[in-house]
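Summary of the model geometry
Chain by chain, the residues run as shown.
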Amino acid sequence: MIVKILQNSFRFFFLILIQVWVLNHVQWNGYVNPYIYILFILLLPIETPKWLVLLLGFFLGVVLDMFSNTGGMHAAATVFMAFARPGVLRLIAPRDGYESETRLSAWSLGFKWFFTYVVIMVLLHHLVYFYLEVFRFSEFFMTFAKAMLNSAITVVLILSAHYLFSRQQGVKNEYFKR
Amino acid sequence: MRNLFLFLWKYNFFLLFLFMESLCVYLVIRNNNFQHASVLNSANKMAASIQSVVNSITEYINLRTENDALARENSALRSFIPDATYLDSVQRRFMNDTLYKQQYTFMTARVINNSINRRNNYLTLNKGSKHGVVPEMGVVCSGGIVGIVKDVSENFCTVISFLHKDAKISARVKKNDYIGSMVWEGFDASAGNLKEIARHVNVQKGDTVVTSSFSAIFPEGIVIGTVSEVDKNTSDNFYNIKVRLSTQFGSLSHVYIISNLLKGEQRQLESAQNNDR
């Protein structure tokens, strides 16, 4: 329990620093700004109470808003994502449900499951965020294209970060043996 | 009452979500409103100090180009000091003393946070209310315009960059003085659009666009950029003009905050006419 709390708070600070120090400075003609910090919400333990996920999502968004002068847009997107998380988890649950205390990772639930999970959640977050950022419908398709492009890049970054930094518990290196 | 509590308890997750989402939307709308100070901004102490760490590193890396730019500007300014000019009449000195009153003062500031990759970009500068900065002051750099001050804290201020959907700056074509307004339509940090120039006006590729005298924020004649594309094929009576911005928004480091000493007077006079409408 304590280990999980420590692990998640470390992840919180690490992701915020990466996002603010590195990824917010990624600039490619104004089209791309990947948001990897939402990995924190994605990887919260499955038994976390729903309301706590909402509160943590809000807090995460507010901290990021403070750093990037977006005044509530990140918070709105992360809260929406946190709200959708239980539903998404139910939607893509394995046939016999989740075992208790399963880690939400590519190792325990398979790459296909993890990929679907990440794609759905990232799309939800990015669509809300980019439409809030533009806040007008005259640029509808341009914003949609921007959200899609950024989602693709964020998904790739999140998957690579997951494979690089999340260590597998229990059997080691099973993934690489296969 | 009991039923009410049961209802609240049953839908607590959804209600909590609704409450937090509306709080966020409230924050967004408040932030979009230019008149209100935003609640979450990087002018606060913690965010600003963390960002200045990154900034000191990038600034060190860019030191060489920055030095070059400052040296160039120094040499340009040196040519304006009295020692470098030939005083051809007594008259001029006389005019300098009494006819020309100071209207604009410039304060130098360092950029400690900047972005160009969003639809709405902001900068954070290291000057605040302690140094006399107030909202709605203009910000320029040696290359051209930068933006307008939005929120001010004791030591820092945030600036709405020209690269923002609400930024609209009164501009004129330098060679024939036609007035239009500059806006940014997103995506390309090196290009803006000049609107409201009628189609009969002669505008060509390469013409210089400068700030007009209409705004109480920027002095007249600050370079904005050069015309890079003129499109006549529009459905209305105005050109679609693309302007290559002279400001390098991606590498801003030192900027000047402008205060207009006569702005209060101009605004007061103009507000009297607004009441009339």
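Since the structure is predicted, the reported quantities are computational estimates derived from the model, not experimental observations.

Given a rise of 1.5 Å per residue, 26 residues ought to cover 38 Å, and the 36 Å separating the end C-alpha atoms of helix α7 (residues 140–165) of chain A matches this to within 8%. For α7(A), the set of buried residues is A:Thr143, A:Lys146, A:Ala147, A:Asn150, A:Ser151, A:Thr154, A:Val155, A:Ile158, A:Leu159, A:Ala161, A:His162 and A:Tyr163.

Evaluation of the coordinates by the stated rule reveals four cavities of 30 Å³ or more. For the largest cavity, the calculated volume is near 50 Å³. Residue lining of the largest cavity: A:Val134, A:Glu139, A:Met142, A:Thr143, A:Lys146, B:Arg119 and B:Phe187, and that is the complete set. The dominant element in the lining of the largest cavity, judged by the number of residues it contributes, is α7(A), at three residues. A per-class count over the lining of the largest cavity returns three nonpolar, one polar and three charged.

So, on to unusual backbone geometry. Residues and elements named next belong to chain B. Backbone geometry places Glu136, a non-glycine residue, at a positive phi of 70°. Mapping Glu136 onto the fold places it in the loop between β2 (122–125) and β3 (138–140). Of note, the phi angle at Glu196 is positive, near 65°, even though the residue is not glycine. With respect to the helices and strands, Glu196 occurs in the loop between β8 (191–195) and β9 (208–211).

In this section: the side chain of B:Ser161. Residues and elements named next belong to chain B. Within the secondary structure layout, Ser161 lies in strand β5 (residues 157–161). Within the structure, the side chain of Ser161 is placed 3.1 Å from the backbone nitrogen of Leu163, a separation counted as a polar contact. Sequence-distant contacts of Ser161, that is, excluding residues within four places in its chain, are made with Asn121, Tyr122, Leu123, Val146, Gly147, Ala167 and Phe249.

Our focus in this paragraph is the layout of surface pockets. Estimates place the volume of the largest pocket at around 1200 Å³. Forming the boundary of the largest pocket are 50 residues, of which B:Gln248, B:Ser251, B:Leu252, B:Ser253 and B:His254 lie nearest the centre. Mapped onto the lining of the largest pocket, the elements with two or more residues apiece are α1 (2–21) and α3 (50–68) of chain A together with α3 (45–61), α4 (63–78), β1 (104–114) and β12 (254–260) of chain B. Of all the elements, α4(B) adds the most residues to the lining of the largest pocket, at eight residues. The residue inventory of the lining of the largest pocket, partitioned by class, reads 22 nonpolar, 23 polar and five charged.

Residues and elements named next belong to chain A. Mapped onto the elements, Leu89 comes out in helix α4 (residues 73–91). Owing to a relative accessible area of 7%, Leu89 belongs among the buried residues under this scheme. For Leu89 and Met121, which are 32 residues apart along the polypeptide, the C-alpha to C-alpha distance reads 10.0 Å. Residues contacting Leu89, with those up to four places away along its chain left out, are Ile46, Tyr98, Leu104, Trp113 and Tyr117.

Residue and element names in this part refer to chain A. Close contact between α3 and α4 brings their axes to 7 Å; oriented N to C, the two are set at 160°. Relative to α4, the element α3 lies roughly antiparallel. Read as a crossing pair, α3 and α4 show a hand that is right-handed. Taken together, the residues of α4 that come into contact with α3 (itself represented by Lys50, Val53, Leu54, Gly57, Phe58, Leu60, Gly61, Val62, Leu64, Asp65 and Ser68) are Met73, His74, Ala75, Thr78, Val79, Ala82, Phe83, Arg85 and Pro86. Partitioning the contact of α3 with α4 into residue classes produces 12 nonpolar, five polar and three charged.

Once that is clear, we can look at the sheet that holds strand β6 (residues 169–173) of chain B. Residues and elements named next belong to chain B. Taken in spatial order, the six strands line up as β6-β7-β8-β11-β10-β9 and close into a barrel, and their pairing is antiparallel. Averaged over all adjacent pairs, the angle separating strand axes in this sheet is 40°, with direction ignored. In this structure, strand β10 (residues 223–231) lies alongside strand β11 (residues 240–245), joined through six bridges in antiparallel fashion. Pairing of Thr226 across the sheet is with Arg244, part of β11.

This brings us to the sheet that holds β3(B). All names here are of chain B. Sheet architecture is closed into a barrel: six strands sit in the order β1-β2-β5-β4-β3-β12, paired in antiparallel fashion. When strand polarity is set aside, the average angle formed by the axes of neighbouring strands in this sheet is 45°. Where strand β4 (residues 145–152) lies against β5, four bridges are found, and the strand directions are antiparallel. Within β5, the residue paired with Val152 across the bridge is Cys157.

Now for a nonpolar patch on the surface. A cluster of nonpolar residues, A:Leu17, A:Trp21, A:Val22, B:Val53, B:Ile57, B:Tyr60, B:Ile61 and B:Leu63, forms a patch on the protein surface that exposes about 780 Å² of accessible area. Elements represented by at least two residues in the nonpolar patch include exactly α1 of chain A together with α3 of chain B. Residue contributions to the nonpolar patch peak at four residues, all from α3(B). You can see B:Val53 is positioned in helix α3.

So, how was this worked out
Residues numbered from 1 in each chain as written. Chains lettered and ligands numbered in written order. Predicted model: local features only at pLDDT ≥ 70, side-chain atom pairs only at ≥ 80, totals over all residues. Heavy atoms only, no water. Helix = DSSP H or I, 4+ residues; strand = E, 2+ residues; numbered from the N terminus. Expected span 1.5 Å × (residues − 1). Buried < 20%, exposed > 50% of the residue type's maximum accessible area, 1.4 Å probe, protein only. 1 Å grid on protein atoms, 1.4 Å probe; cavity = no way out; pocket = protein on both sides within 12 Å on 5 of 7 lines; lining within 4 Å. Points joined across faces, edges and corners; volume = space filled by probe spheres on them. Nonpolar A, V, L, I, M, F, W, Y, C, P; charged D, E, K, R; others polar. Polar contact = N/O pair within 3.5 Å; in protein donor to acceptor, adjacent residues only side chain to side chain. Contact = heavy atoms within 4.5 Å. Axes fitted to C-alpha atoms, helices over the stretch in contact; angles between N-to-C directions. Parallel < 35°, antiparallel > 145°, perpendicular 65-115°, else oblique. Left-handed = near helix turned anticlockwise from the far one by under 90°. Pairing = 2+ DSSP bridges. Patch = residues over 30% accessible without salt bridge, like charges linked within 9 Å, V, L, I, M, F, W, Y side chains within 5 Å. Areas by Shrake-Rupley, 256 points an atom, 1.4 Å probe, with all protein chains shown as cover. Salt bridge = Lys/Arg side-chain N within 4 Å of Asp/Glu carboxyl O.

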